[in-house]
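# Reading the structure
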Amino acid sequence: MKDILFPFQETALTELHDKINKSHLMWSKNDPQIISFSAPTGSGKTIIMTTLFEEILYGSVDNIGEPDSIFIWLSDSPELNEQTRLKIESKSDKIRVRDLATIDSTFNYEYFEGGCIYFLNTQKLGSDKLLTGISNLRQYSIWETLTNTAKRNPKKFYLVIDEAHRGTHTSSQAENKAQSIMQKFIKGSKEDGLCVMPLVIGVTATPQRFENLIAGTTSTVQKVIVPPEQVRESGLLKDRIIIHYPDLQLSADMTLFKGAVDDWRKKCTHWRSYCKREDEKMVNPILVIQVEDGNKREVTHTDLGACIDLLEESLGRKLRPGEAVHTFNDHGTLKERNVEIQQIEASRINDEENIMVVFFKMNLSTGWDCPRAETMMSFRSAQDYTYIAQLLGRMIRTPLARRVSSDAELNNVNLFLPYFDEETVKNVINALRDSEAIIPTETGTNKELVTLRRNPAYSDVFEVMDKVMDNLITYRIDSARKQAPLKMLIQISRALTMDGINLEAQKNVKNAVLSKIDEEIALLKKSGEFDSRASAITGLALGTLTFDYGDNAYSFDEISQTMTVSEFDISRHFEQSGKLLGEGLHKEYWIQNSIRDHIDVKIEVIVLTNDTDSMERINGFAAEEFLTLYENNKRSIARLNETRKNIYERLINSSVQPVAVPWLLPDSIDFSISESCTKFEQHLYCFENGTFQTSLNSWESGVIAEELQNGAVCWLRNLDRKKWSLEIPYEVSGVTTSMFPDIMVVRADAQGYVFDILEPHDPSRKDNYPKAVGLAKFAEKHWDKFGRIQLIRLKKGVDGREHFYRLDMEKTTVRNKVRGITSNEELDRIFDTDAVRED
């Protein structure tokens with residue numbers, strides 16, 4: 001696989017393997033199996049399935065390859081099949097192009113060929129189609145080929161139903177006449193001579209509809225489900241959908257259309273700037289315009305000419321052929337204001353780089369996605385909210401398949417609805433939640449979801465933060481699947497060498513790991529356990545079972561003879577061990593010892609990888625080396641472009657041990673406001689007019705007032721769970737989780753700017769002492785990076801008035817006391833003795 005899977009994709013892949021293995025065990029009882037693989041739109045279902053095919057055919061850490069396996073990819077759309085075939089071809093570095101075969105009407109074989117992936121669509125399977133019959137030119141119908149192959153190789157034959165919710169409605173009328181084509185595969189069809197497929201994998205975004213399809217079957221059903229929240233965390237999807245609608249009930253369609261055009265033009269500018277700065281392939285955003293239906297006289301009731309006029313006015317030039325297209329059925333090229341609007345298949349839109357504007361109605365193909373579509377305008381009425389949500393759900397993939405860290409504007413999708421109001425906008429949001437698409441973390445209106453820019457009044461503060469990026473750190477704790485440290489170490493060393501940061505990293509790490517392997521094998525030999533384990537690998541003890549007819553009894557001789565394991569089997573186990581080590585280390589060790597007997601070397605690797613203690617020590621060594629390598633190079637990593645930094649971030653997030661990373665504040669941040677917001681001064685980020693507003697509780701606003709009164713230069717409202725936020729780890733019942741301190745304050749002293757972490761916290765909350773311990777441990781590690789690191793409470797002083805009392809973890813005596821507490825009561829006592837006022 002050319003792409004690196006996200007942790008949630010790796011988890012789904014592992015679960016699919018597990019379900020398949022269980023299915024094969026069940027099939028020994030002649031029990032047909034169905035696996036329902038449900039993953040939301042945008043989660044990379046095809047990428048996961050491509051990796052599954054590779055690992056079934058060529059093997060993986062946990063599975064020995066079966067190169068004669070056969071896959072049938074079934075959908076009800078030839079276009080969908082072609083998209084999938086091309087995607088597998090482009091993403092796989094193992095599956096050969098010649099092994100991806102589209103079944104056409106000339107297909108005529110008794111069996112499907114092993115090692116191939118076949119693409120079949122339901123349109124070719126009607127009773128009147130060539131594939132389903134026998135003639136002078138056809139010896140085998142497709143049904144016979146399917147049945148013959150399924151019966152000959154039931155455990156190596158896989159039927160994949162792509163987007164299983166398409167074309168699978170089973171009405172009572174259809175039940176009376178005949179089963180649907182897809183149900184024939186699932187339930188079998190005596191009429192056609194088709195047996196029940198031994199294993200069906202339904203790849204779907206709408207599991208309920210697939211469950212309706214398979215209802216009433218005798219097959220055992222297993223499920224693999226990708227959680228939507230993990231897809232959101234990955235950065236594959238946009239962070240926010242922002243909906244714009246008019247405040248007043250009046251005809252404002254072209255006014256909002258102008259707003260949509262302006263938003264699209266702004267996105268174009270931002271993407272040009274970003275791609276140039278990051279040396280990325282240019283992303284050309286698309287403006288999607290959803291128009292009204294028409295009639296026999298006109299294509300649409302929406303004034304396309306007025307739309308063209310406004311677009312050309314904004315561009316300052318005429319639209320060129322191919323820049324504006326449409327997807328209306330039964331219409332070729334349209335001409336408006338002397339501009340040709342060509343018809344195009346929806347699946348081609350994203351790859352046609354010159355397309356800027358797309359006119360839609362409601363005719364979207366399932367499986368179509370357009371990551372370049374960033375702004376949408378809908379001329380449809382409020383009663384069409386379901387169709388609007390369906391189209392919008394196809395626009396939420398990120399163009400670069402990752403989140404943009406430095407410009408929050410590029411993580412948004414904007415929707416303009418001139419015929420909606422506050423109530424009907426809620427219908428769109430609800431319809432999105434009910435659709436197959438994952439809605440982003442935030443979906444709301446432009447009155448709530450805003451983007452803030454760096455405040456130019458504090459450009460010198462940002463300049464200092466950018467220069468001393470190794471002095472400000474944060475953590476990133478997420479639900480990423482944790483990788484083996486050995487694999488992570490090899491990957492980070494390779495990345496450091498590829499990026500020119502440390503040209504010797506890959507070679508040095510490889511040598512260090514091989515030395516550690518040598519050391520562990522020597523320890524095994526010294527312990528006296530190596531020879532017995534090696535003998536168990538090279539010699540296979542056989543027992544003999546004897547039945548005596550006269551006595552009517554069995555007798556068993558435990559070890560009657562020993563057979564020498566073949567070189568082929570040893571080599572197979574060696575390859576399996578190599579997958580446990582990962583990154584080709586087994587072959588590196590074999591090459592390093594090439595002057596010795598190659599069988600002895602292979603046996604050493606096999607014994608090593610089967611010894612739990614040895615592997616734990618090797619992985620412990622790798623974990624330490626990984627952290628050291630990252631710490632020594634993190635400053636250089638932080639200077640890479642975002643694409644390369646993303647590689648390191650995914651490795652860091654895969655570490656079992658939380659890893660400190662540079663805290664870099666972006667040029668813009670996504671922020672949320674409400675009607676109850678209050679204006680505040682001296683904030684690091686602001687609106688374009690220089691103002692800032694947010695909602696703070698009385699403690700937070702009180703602390704800000706006290707800080708500003710004491711001479712603070714500026715401050716930052718640190719929101720929960722934003723990718724730009726300051727994040728600190730702490731433990732609850734042994735599980736590491738995150739806290740997001742409410743406030744970061746910037747002060748000035750004789751040496752320059754000082755950055756303080758302030759956390760006003762209600763003492764009645766259960767998480768009080770765990771967070772205090774987390775702050776203390778953070779301060780112990782990073783006391784030199786920040787100024788004050790304070791837990792703050794509002795309580796009465798000796799004067800009878802309420803004041804803010806601060807427990808400062810910057811002080812060694814304070815954090816030493818806090819680190820060992822195990823209850824809120826202990827924390828209360830420390831507050832009484834060590835907290836101080838600063839008013």
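Read on for a plain summary of the structure. Note that the structure is predicted; figures quoted are calculated from it, not measured.

A regular strand carries its side chains on alternate faces of the sheet. Both faces of strand β26 (residues 714-717) are covered, namely the face carrying C714 and L716 and the face carrying W715 and R717. Alignment of β26 against strand β29 (residues 743-749), held across four bridges, turns out to be antiparallel. Directly across from C714, in β29, lies its bridge partner V746.

It is worth spelling out the side chain of R793 at this point. Note that R793 resides in strand β31 (residues 789-796). Side-chain polar atoms of R793 contact the side chain of D828, separated by 2.7 Å. R793 has contacts with W699, H761, P763, N768, H803, F804, Y805, L827, D828 and F831, leaving out every residue within four places of it along the chain.

Each aromatic ring pair is specified by the distance between its two centres and by the angle formed by the two planes. The final tally for this structure, using the stated rule, is 19 aromatic pairs. Plain terms: the ring middles of F6 and F8 are 6.2 Å apart, the flat faces sit at 20° to each other, and that makes the pair stacked. Both residues of the pair, F6 and F8, count as buried. Plain terms: the ring middles of W271 and Y274 are 5.9 Å apart, the flat faces sit at 85° to each other, and that makes the pair edge-to-face. Note that W271 and Y274 are positioned in helix α9 (residues 253-278) at a spacing of three residues, about one turn of the helix. As far as burial versus exposure is concerned, W271 and Y274 are alike and both buried. Pairwise contacts between aromatic rings join F53, F71, W73, F119 and Y158 into one cluster. Over the ring of F328 we find K361; its NZ or CZ atom is 4.9 Å from the centre of that ring.

Of the pairings in the sheet, the one linking strand β30 (residues 752-760) to β31 comprises four bridges and is parallel in character. Considered in β31, the bridge of L758 is made with Q790. One ladder, built from seven bridges, connects β31 with strand β32 (residues 802-808); its direction is antiparallel. The residue of β32 that forms the bridge with K796 is E802. In this structure, the hairpin formed by β31 and β32 is closed by a connection of five residues, where G800 is found at a positive phi of approximately 80°.

A sheet is described by the order of its strands in space; here nine strands give the open sequence β11-β12-β10-β13-β9-β14-β15-β8-β16, paired in mixed fashion. The open sheet has two edge strands with one neighbour each: β11 (334-336) and β16 (442-445). The mean inter-strand angle of the sheet, taken between neighbouring strand axes irrespective of direction, is 20°. Here strand β14 (residues 373-378) runs beside strand β15 (residues 412-416); their pairing, made up of three bridges, is parallel. Bridge pairing in β15 places M376 opposite L415. Here α9 sits on the sheet and contacts β8 (240-244), β9 (286-290), β13 (357-360), β14 and β15; the angle it forms with β14, its principal contact strand, is near 175°.

How each quantity is defined
- Residues numbered from 1 in each chain as written.
- Predicted model: local features only at pLDDT ≥ 70, side-chain atom pairs only at ≥ 80, totals over all residues.
- Heavy atoms only, no water.
- Buried < 20%, exposed > 50% of the residue type's maximum accessible area, 1.4 Å probe, protein only.
- Helix = DSSP H or I, 4+ residues; strand = E, 2+ residues; numbered from the N terminus.
- Pairing = 2+ DSSP bridges.
- Polar contact = N/O pair within 3.5 Å; in protein donor to acceptor, adjacent residues only side chain to side chain.
- Contact = heavy atoms within 4.5 Å.
- Phe/Tyr/Trp six-rings, centres within 6.5 Å; stacked < 30°, edge-to-face > 60°.
- Lys NZ or Arg CZ within 6 Å of the ring centre and 35° of its normal.
- Axes fitted to C-alpha atoms, helices over the stretch in contact; angles between N-to-C directions.

Purely geometric numbers; function is a separate question.
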